[in-house]
Amino acid sequence: MSYCLNPHCSKPENPEDVKFCITCGTKLLLKERYRAIKPIGQGGFGRTFLAVDEDKPSKPSCVIKQLYPQAQGTNTVQKAIELFNQEAIQLDELGTHTQIPQLLAYCTQDDRQYLVQEFIDGQNLSMELSYQGNFHENQIIELIYDVLNVLQFCHSKQVIHRDIKPENIIRRRSDDKLVIVDFGAAKSTIGQPINMTGTSIGSPEYVAPEQMRGKATFASDIYSLGVTCINLLTGRSPFDSYDTHNATWRWRQFVKTPISNELGIIIDKMVQVIPRKRYQNVGDIFRDLQSLNPPTSTNIPTTIVNPPARKQSFASQNHNQLEQELHEVKTHFTGSKQQPHNPTPQTSNPLPVNKKLDVIDRELEEMKAKFLGEE
């Protein structure tokens, strides 16, 4: 089937093999290659269609977004156009990341603006919550790792997404990676102060307080991700997990599957209402996440988090302290006042003075090896 892109067409469904709408005569192929199949979404600023790329032999799926503001007023329409153009620019810049849809085309046809982007085959996290129930701790840890990986890339390009929520995070079927979609609200901070007042935009349940006042920062995305975690852990609207009288979150009591206190502390810091008390960048969250048991999923961005390097640094830093403590243990049992031996590994062990000392030395060496191996 071919679906007519004319919003005023009374019968938009057409056979697949026609080039012009039978009802209104509108050209059905966008840029002579993209054919809409069916509508998949509509909002205040436009419509979205599932489409196919007729120019490629495999006819891969794609998404057509049409600018079609529903609200009236010059300022509203102008803002819609600005955001639509901005989304195209952001996708063109950010679509090089494998977890952000790629921009395929941006054009005007029949006096209407369009952008065509990569189709992400999968379910968004809101749908997962409905079908599979509340998320457990390992799922949340993997979610935070995966989404922060994308946000770090966006923030490095000076872009704030401003609409992180379960509906805008899709788990791609082909590799289980989480893909961030809908950059229609994204804001570039290049050439302007990060806290300059702008448009209040985003989904009210997930938006940070400062963003509601038009002063979104990179930490605003972190706040929205934290609220997303609360929603997926509790299965409740974020509004129902926030105590407005005391301006504090009350979400832990609604978690059905218990989580560790360490993860709870991380989420609490992500959703601090006062921006300066919140995580300011994704790197700080990555560091705190390393204190948790790492999930086994391949979703973990290993290029960012590198526990082995941290282990080596910690062991080196505390080696001398360990040597001193083991020497004190040895002194306690033997009464010897000898200084601790050189921590530098030896190619051969000296002969023990007596059998008792030999046994103690062996046991202490085993304790040291075990301790350093577990750090």
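The structure this text deals with has already been given above.
Residues numbered from 1 in each chain as written. Predicted model: local features only at pLDDT ≥ 70, side-chain atom pairs only at ≥ 80, totals over all residues. Heavy atoms only, no water.

**So, unusual backbone geometry**
The phi dihedral of K59 falls on the positive side, at around 50 degrees, and the residue is not glycine. Structurally, K59 can be placed in the loop between β5 (46-53) and β6 (61-67). On the basis of relative accessible area, K59 is assigned to the partly exposed category, the value being 39%. (Helix = DSSP H or I, 4+ residues; strand = E, 2+ residues; numbered from the N terminus. Buried < 20%, exposed > 50% of the residue type's maximum accessible area, 1.4 Å probe, protein only.)

**Remarks on the nonpolar core**
The nonpolar side chains of a soluble globular protein tend to be buried, and buried together. Core analysis: the biggest nonpolar cluster contains 55 residues, and I140, L143, I144 and I285 have the highest contact counts within it. Those elements giving two or more residues to this core turn out to be α1 (74-94), α2 (125-132), α3 (137-156), β12 (178-180), α5 (218-234), α6 (261-270) and α7 (282-289). No other element matches α3, which puts 11 residues into this core. In this structure I285 touches I144, L148, I222, I266, M270 and Y279, once residues within four positions along its chain are discounted. (Core = buried A, V, L, I, M, F, W, Y, C linked by side-chain atoms within 4.5 Å. Contact = heavy atoms within 4.5 Å.)

**A short note on the sheet that holds strand β3 (residues 29-30)**
A sheet is described by the order of its strands in space; here six strands give the open sequence β3-β4-β5-β6-β8-β7, paired in antiparallel fashion. Of all strands in the sheet, those bounded by a partner on one side alone are β3 and β7 (103-109). Pairing between strand β4 (residues 34-42) and β5: seven bridges, direction antiparallel. Its bridge partner lying in β5, G41 is registered against T48. (Pairing = 2+ DSSP bridges.)

**A word on the packing of aromatic side chains**
Here a ring pair, both rings aromatic, is described through the centre-centre distance and the interplanar angle of the planes. Tallied over the entire structure, the rule returns five aromatic pairs. Plain terms: the ring middles of Y242 and W249 are 5.0 Å apart, the flat faces sit at 70 degrees to each other, and that makes the pair edge-to-face. Its relative accessible area of 23% is what places Y242 among the partly exposed residues. Linked through ring pairs, Y223, Y242 and W249 together constitute an aromatic cluster. Taking NZ or CZ as reference, R236 lies 3.6 Å from the ring centre of F254, over its face. Between K269 and the ring centre of Y279, over which it is positioned, the NZ or CZ distance is 4.7 Å. (Phe/Tyr/Trp six-rings, centres within 6.5 Å; stacked < 30°, edge-to-face > 60°. Lys NZ or Arg CZ within 6 Å of the ring centre and 35° of its normal.)

**A look at the side chain of D243**
Positionally, D243 belongs in strand β14 (residues 242-243). Classification of D243 as buried rests on a relative accessible area of 17%.

**Focus: α7**
All buried positions along α7 are accounted for by V282, G283, I285, F286 and L289. Projected down its long axis, α7 carries its buried residues within an arc of 160 degrees, all on one side. Looking at the buried positions of α7, the neighbouring elements they touch are α3, α5 and α6. The backbone nitrogen of G283 has a side-chain oxygen 3.1 Å away, supplied by the residue at the start of α7, namely N281. (Arc of directions from axis to C-beta. Polar contact = N/O pair within 3.5 Å; in protein donor to acceptor, adjacent residues only side chain to side chain.)

**Considering the pairing of strand β11 (residues 169-172)**
Both faces of β11 are covered, namely the face carrying I169 and R171 and the face carrying I170 and R172. Judged from the three bridges that link them, strand β9 (residues 122-124) and β11 form a sheet pairing that is antiparallel. Bridge assignment links N124 to a residue of β11, and that residue is I170. In terms of strand pairing, β11 meets β12 through three bridges, oriented antiparallel.

**Quick look at the pattern of salt bridges**
The tally for this structure, following the rule as stated, stands at 18 salt bridges. A salt bridge links E54 to R35; its shortest N-O distance comes to 2.4 Å. With E54 in the loop between β5 and β6 and R35 in strand β4, the pair connects residues that are 19 residues apart, well separated along the chain. Judged by relative accessible area, which is 24%, E54 ranks as partly exposed. Its relative accessible area of 5% is what places R35 among the buried residues. Here D146 and K177 are joined by a salt bridge, their closest N and O atoms 4.0 Å apart. Note that D146 is positioned in helix α3 and K177 in the loop between β11 and β12, a separation of 31 residues in sequence. Since its relative accessible area comes to 0%, D146 is described here as buried. (Salt bridge = Lys/Arg side-chain N within 4 Å of Asp/Glu carboxyl O.)

**Concerning the sheet that holds β12**
Pairing in this open sheet of three strands is antiparallel, and the strands run β9-β11-β12 from one edge to the other. Strands at the two margins of the open sheet, each flanked by one partner only, are β9 and β12. Adjacent strand axes in the sheet meet at a mean angle of 35 degrees, parallel and antiparallel pairs treated alike. The strands touched by α2 are β9, β11 and β12; relative to β9, the strand with the most contacts, the crossing angle is about 90 degrees. Here α3 sits on the sheet and contacts β11 and β12; the angle it forms with β12, its principal contact strand, is near 40 degrees. (Axes fitted to C-alpha atoms, helices over the stretch in contact; angles between N-to-C directions.)

**Side note on the packing of α3 against α6**
Helix packing geometry: the angle between the two helix axes and the distance between the axes. Packing of α3 against α6 leaves a shortest axis separation of 12 Å and a crossing angle of 45 degrees. With respect to α6, the axis of α3 lies oblique. By crossing handedness, the relation of α3 to α6 is classed as left-handed. Residue-level inspection shows E137, I140, I141 and I144 of α3 in contact with α6, the latter providing L263, I267 and M270. Of the residues belonging to the contact of α3 with α6, the class tally is six nonpolar, no polar and one charged. (Parallel < 35°, antiparallel > 145°, perpendicular 65-115°, else oblique. Left-handed = near helix turned anticlockwise from the far one by under 90°. Nonpolar A, V, L, I, M, F, W, Y, C, P; charged D, E, K, R; others polar.)

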